[in-house]
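# Survey of secondary and tertiary structure
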Amino acid sequence: MGFEIAGYSLLPVVPELVLAVGAMALLMIGAYRGDRVTGLVTGLAVFLVVIAAALVLWLPPGRLVTFNGSFIVDDFARFMKILTLTGSAVTLLFSRGFVAAATRRMFEFAILILLSTVGMMVLISAGDLISLYLGLELMSLALYVVAASQRDNLKSTEAGLKYFVLGALSSGMLLYGASLIYGFTGTVSFAGIAAAAKSGSLGLVFGLVFLLAGLCFKVSAVPFHMWTPDVYEGAPTPVTAFFASAPKVAALAVFVRATMTAFPGITQEWQQIVVFVAIASMALGAFAGIGQRNIKRLMAYSSIGHMGFALVGLAAGTPEGTQGVLVYIAIYLTMTLGAFAVILALSRHGEAVETISDFAGLSRTNPLLAFFMAMLLFSLAGVPPLAGFFAKFYVFLAAMKAGLFTLAVLGVLSSVIGAYYYLVIIKVMYFDEPIGAMEPARGELRAVLAVTGLFNMLFFVYPAPLIDVATLAAKSLF
Amino acid sequence: MIFPALFFYLFAVLCVGSAFMVIAARNPVHSVLFLILAFVNASGLFLLMGAEFLAMILVVVYVGAVAVLFLFVVMMLDVDFAELKQGFLQYLPVGALVAAILLAELMMVGGAWVINPAVVKAVVAPIPGNVTNTEALGLVLYTRYIHYFQLAGIVLLVAMIGAIVLTLRHKPNIKRQSIPDQVARTKATAMEVRKVASGQGLKETAQ
């Protein structure tokens, strides 16, 4: 086969190649036609993401490795890539309404999201520290720009700058950790590190701590969460929806892959860190969300808390724990995208509104919207029999089986506390006096809301497909 | 030999000292000049390690391009650095404390460091014995490391798109040169012949 470069097979990277080359082709269309073609470019971008997802599924089954082991496609990577691509495609759909306004026309928006998605896919497939770092930077750099994309808006530029400065700091920590790990093991590949780090040494643990600090920043886990509320609030709402979905999946994927495949010999050491980070994130997500007035800030604290719950599964360090993480992140993705579809749909007199009091009386003005939002919020809170309950159930079960009883108990407690602020929104929607009708939501928002809402409501009827796929994906790491 | 050790300490001390002066200097132009000194000393350290390609790249790229760009920015932009540095002394004690703890911990790690003999064997792409390291890099950069090379290229593309998105503004009321318009001008559209009666001038000017 001639389908190779410098002796390496290109087959495993076909989805990434299609996405990257497609993004550059769209860039050319935009550069020659100007901002008039924003709608066309965004539509084609959605199409490209769908093609990339189809290609991920089309790849031959089993474990494909290329570029000397720096690029791995296994069932885990396939699962995470499909989730990431779903997040990106839905965000691009969300952004259609946003960039439709003449003042916000910007074809680069879709291209940056596409290139960021390429970075996420590289990150998910990373088999060594260098491709981990390159994927992370490609993902983040595009995110900094889209956060600041409303450059005439003070909050948006502040969000972009804040994210950029703190992101650069976290990249520095991650690189420092990577260089320590390289220094103490003599290799950058995860398999090589695992082989060299059987016993573990002080220096290696030091490097591991810095590496995990950098990764915690990307999944916005406490104590590296400071940027999250400000960036979520300041960035344009479709961008916030993107931040809360696809990059979280990719960063969590690499978190799992790095700890499970590169440091299986020193599980004890990283387990302590992950347990602490998980407890702190769950607690902060539960308590700090209570006083929020702005729905986007609330979603930021909600996402911090949810990352904590997902890390509970990782802390278990077992195949069951990994399966729990995968199920959790899949369900989290649907809940978040659905909730953001509602937030994007809220507008009065042509102005987007984003405070919680604006939800008042939504059940009377838009009963269907209010019903779906209520179901998604119950799911986020983890009320059975909605999907969110099962997500938490699997991670806590894995933690109990691994003997982490304190962690599981603290998790359940913070889940109960966190339920308060989701219930407040439901109370505002159903029992407060309406303050004027909302404008009708765009078609794509309604479609996303219907799909995610029905998924969350009916998951308990037939959960087997997702659980089975997640089990397969988790097995491929061990 | 004692010379490599002497040069190592010379370069290292100067590097750390000038790095400190970068943040301590009152005049921003001095800061940038100290930054250049730090870069040159770092490249000296690379030379001592036998990495002559990195040493030269550091001088060419960082001293030649980046630092000069910094100088331009510092001189062209009217940034009040004294005001920016207001909080510096206030944060210094805490920052120094954190740095001291980190340094102590790192020394503990470094002290315990014994090079694992397996590590030396595990080097993925050892430098071939009889070529310079520029050549050695060239041998693997576009073949073995093609994946990283291409990814780094996409990162740079994103940086470029980002810079354009965030800074380019098309102002509507600016007169721009349009070469097609200029070429399309004909005698009929560009000039007008009028008879001017003597002593009266034109009522209205053309255009």
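Residues numbered from 1 in each chain as written. Chains lettered and ligands numbered in written order. Predicted model: local features only at pLDDT ≥ 70, side-chain atom pairs only at ≥ 80, totals over all residues. Heavy atoms only, no water.

With that settled, consider the overall build of chain B. Of the regular secondary structure elements, chain B holds 10 helices and zero strands. The buried share of chain B, reckoned over its 207 residues, is 19%. Considering only residue pairs separated by 6 or more positions, chain B has 51% of its internal contacts joining residues 24 or more positions apart. Approximately 16000 Å² of chain B is accessible, and the part contributed by carbon and sulfur atoms is 71%. (Helix = DSSP H or I, 4+ residues; strand = E, 2+ residues; numbered from the N terminus. Buried < 20%, exposed > 50% of the residue type's maximum accessible area, 1.4 Å probe, protein only. Contact = heavy atoms within 4.5 Å. Areas by Shrake-Rupley, 256 points an atom, 1.4 Å probe, with all protein chains shown as cover.)

Before going further, it helps to examine the overall build of chain A. Summing up its helical and strand segments, chain A has 20 helices and six strands in all. Since a compact globule built from 478 residues should have a radius of gyration of about 23 Å, the 21 Å found for chain A is in line with a globular shape. Principal axes of the C-alpha set define a box for chain A whose edges measure 65 × 60 × 40 Å. Residues classed as buried in chain A amount to 63% of the 478 residues present. Taking all contacts inside chain A whose residues are at least 6 apart in sequence as the whole, residues at least 24 apart take part in 80%. (Rg over C-alpha atoms; globule rule 2.2 N^0.38 Å.)

A few words on the interface of chain B and chain A. Residue-level contacts link 30 residues of chain B with 37 residues of chain A. When chain B packs against chain A, close to 3000 Å² is buried across both sides, 78% of that on carbon and sulfur atoms. At the boundary of chain B and chain A, one finds four residue pairs in polar contact (both at pLDDT 80 or more). Of all the secondary-structure elements, those providing two or more residues to the side of chain B that touches chain A are helix H5 (88-111) and helix H8 (146-167) of chain B. In terms of residue count, the dominant contributor to the side of chain B that touches chain A is H8 of chain B (16 residues). (Buried area = accessible area lost by both parts, 1.4 Å probe. Polar contact = N/O pair within 3.5 Å; in protein donor to acceptor, adjacent residues only side chain to side chain.)

Once that is clear, we can look at the packing of helix H12 (residues 267-288) of chain A against helix H18 (residues 405-431) of chain A. Residues and elements named next belong to chain A. Closest axis-to-axis distance for the H12/H18 pair is 7 Å, and the angle between their directions is 20°. By the angle between their directions, the pair H12 and H18 is classed as roughly parallel. For the pair H12 and H18, the sense of crossing is left-handed. When H12 is examined against H18, the residues Val275, Ala278, Ile279, Met282, Ala283, Gly285, Ala286 and Phe287 are found in contact with a partner set consisting of Leu407, Leu410, Gly411, Ser414, Ile417, Gly418 and Tyr421. Classifying every residue of the contact of H12 with H18 by side-chain character gives 11 nonpolar, four polar and no charged. (Axes fitted to C-alpha atoms, helices over the stretch in contact; angles between N-to-C directions. Parallel < 35°, antiparallel > 145°, perpendicular 65-115°, else oblique. Left-handed = near helix turned anticlockwise from the far one by under 90°. Nonpolar A, V, L, I, M, F, W, Y, C, P; charged D, E, K, R; others polar.)

The next subject is a nonpolar patch on the surface. Residue and element names in this part refer to chain B. Taken together, Ile2, Phe3, Leu6, Phe7, Phe8, Tyr9, Leu10, Val13, Leu14 and Leu48 make up a surface patch of nonpolar side chains, about 1000 Å² in accessible area. The element best represented in the nonpolar patch is helix H1 (residues 3-24), accounting for eight residues. Turning to its location among the elements, Phe7 is positioned in helix H1. (Patch = residues over 30% accessible without salt bridge, like charges linked within 9 Å, V, L, I, M, F, W, Y side chains within 5 Å. Salt bridge = Lys/Arg side-chain N within 4 Å of Asp/Glu carboxyl O.)

We now examine the packing of aromatic side chains. Residue and element names in this part refer to chain A. Using the criterion set out here, one finds 25 aromatic pairs over all chains in the structure. With centroids separated by 5.1 Å and ring planes inclined at 90°, the aromatic side chains of Tyr144 and Tyr163 adopt a geometry described as edge-to-face. In this pair, Tyr144 is assigned in helix H5 (residues 129-147) and Tyr163 in helix H6 (residues 154-185), connecting sequence segments 19 residues apart. Pairing Phe455 with Phe459 gives two aromatic rings, centres 5.6 Å apart and planes at 50°, and the pair type is tilted. Note on Phe459: relative accessible area 4%, which makes it buried. (Phe/Tyr/Trp six-rings, centres within 6.5 Å; stacked < 30°, edge-to-face > 60°.)

Residue and element names in this part refer to chain A. The step from Val222 to Pro223 runs through a cis peptide bond, and the omega angle for that step is 5°. Take Pro223: it is sitting in the loop between helix H8 (202-218) and helix H9 (227-234). A cis amide bond links Pro384 with the next residue in sequence, Pro385, at an omega value of 5°. Residue position: Pro385 is located in the loop between helix H16 (367-381) and helix H17 (387-401). The residue Phe67 is not glycine, and still its phi comes out positive at about 50°.

Residue position: Glu108 of chain A is located in helix H4 (residues 108-125). Buried and without a salt bridge, Glu108 of chain A has Arg151 of chain A as its closest oppositely charged side chain, separated by 8.3 Å. The residues contacting Glu108 of chain A, other than those within four sequence positions of it, are Asp35 of chain A together with Ile161 and Val165 of chain B. (Lys, Arg positive; Asp, Glu negative; His and termini not counted.)

On to the nonpolar core. Formed by 183 residues in total, the largest nonpolar core has its most connected members in Met80, Phe243, Phe263 and Phe359 of chain A. When residues in this core are grouped by element, the largest group, 17 residues, is from helix H14 (residues 319-345) of chain A. Other than its neighbours up to four places away in sequence, Phe263 of chain A contacts Ile181, Ile193, Leu204, Leu208, Leu211, Ala258 and Trp270 of chain A. With nine residues, the next largest nonpolar core counts Leu10, Val13 and Val73 of chain A together with Ile146 of chain B among its residues. (Core = buried A, V, L, I, M, F, W, Y, C linked by side-chain atoms within 4.5 Å.)

Right, let's get into the pattern of salt bridges. One side chain can pair with another of opposite charge once the charged atoms of both are near each other. Residues and elements named next belong to chain A. Considering all chains together, one arrives at 15 salt bridges over all chains under this definition. Here Lys81 ties to Glu16 by a salt bridge, and the two come within 2.7 Å at their closest N and O atoms. Of this pair, Lys81 sits in helix H3 (residues 75-100) while Glu16 sits in helix H1 (residues 14-33), and the two are 65 residues apart along the sequence. Residue Lys81 is classed as buried on the basis of its relative accessible area of 2%. Residue Glu16 is classed as buried on the basis of its relative accessible area of 5%. Of the charged contacts, one joins Glu233 and Arg297 as a salt bridge, the two residues approaching to 2.6 Å between their closest N and O atoms.

It is worth spelling out H1 of chain A at this point. Residue and element names in this part refer to chain A. Given a rise of 1.5 Å per residue, 20 residues ought to cover 28 Å, and the 28 Å separating the end C-alpha atoms of H1 matches this to within 8%. Listed as buried for H1 are Val14, Pro15, Glu16, Leu19, Ala20, Gly22, Ala23, Leu26, Leu27 and Gly30. Of the residues flanking the end of H1, it is Gly34, one or two places downstream, whose phi is positive at about 80°. (Expected span 1.5 Å × (residues − 1).)

All names here are of chain B. Mean pLDDT over chain B works out to 83, with 86% of the residues at or above the 70 mark. The least confident element of chain B, judged by mean pLDDT, is helix H6 (residues 117-121) at 59; the most confident is H8 at 93. Reported for the predicted complex are a pTM of 0.89 and an ipTM of 0.92. (pLDDT = per-residue confidence, 0-100.)

For the rest of this paragraph, the subject is the environment of Asp181 of chain B. Following the sequence through the fold, Asp181 of chain B ends up in helix H9 (residues 179-184). In sequence terms Asp181 of chain B and Val66 of chain B are 115 residues apart; their C-alpha atoms lie 40 Å from each other.

With that settled, consider the packing of H16 of chain A against H18 of chain A. All names here are of chain A. For the pair H16 and H18, the least separation of the axes is 8 Å and the interaxial angle reads 170°. Accordingly, the angle class assigned to the pair H16 and H18 is roughly antiparallel. Contact residues: H16 offers Ala370, Phe371, Met373, Ala374, Leu377, Phe378, Leu380 and Ala381, while H18 offers Ser415, Ala419, Tyr422, Leu423, Ile425, Ile426, Met429 and Tyr430.

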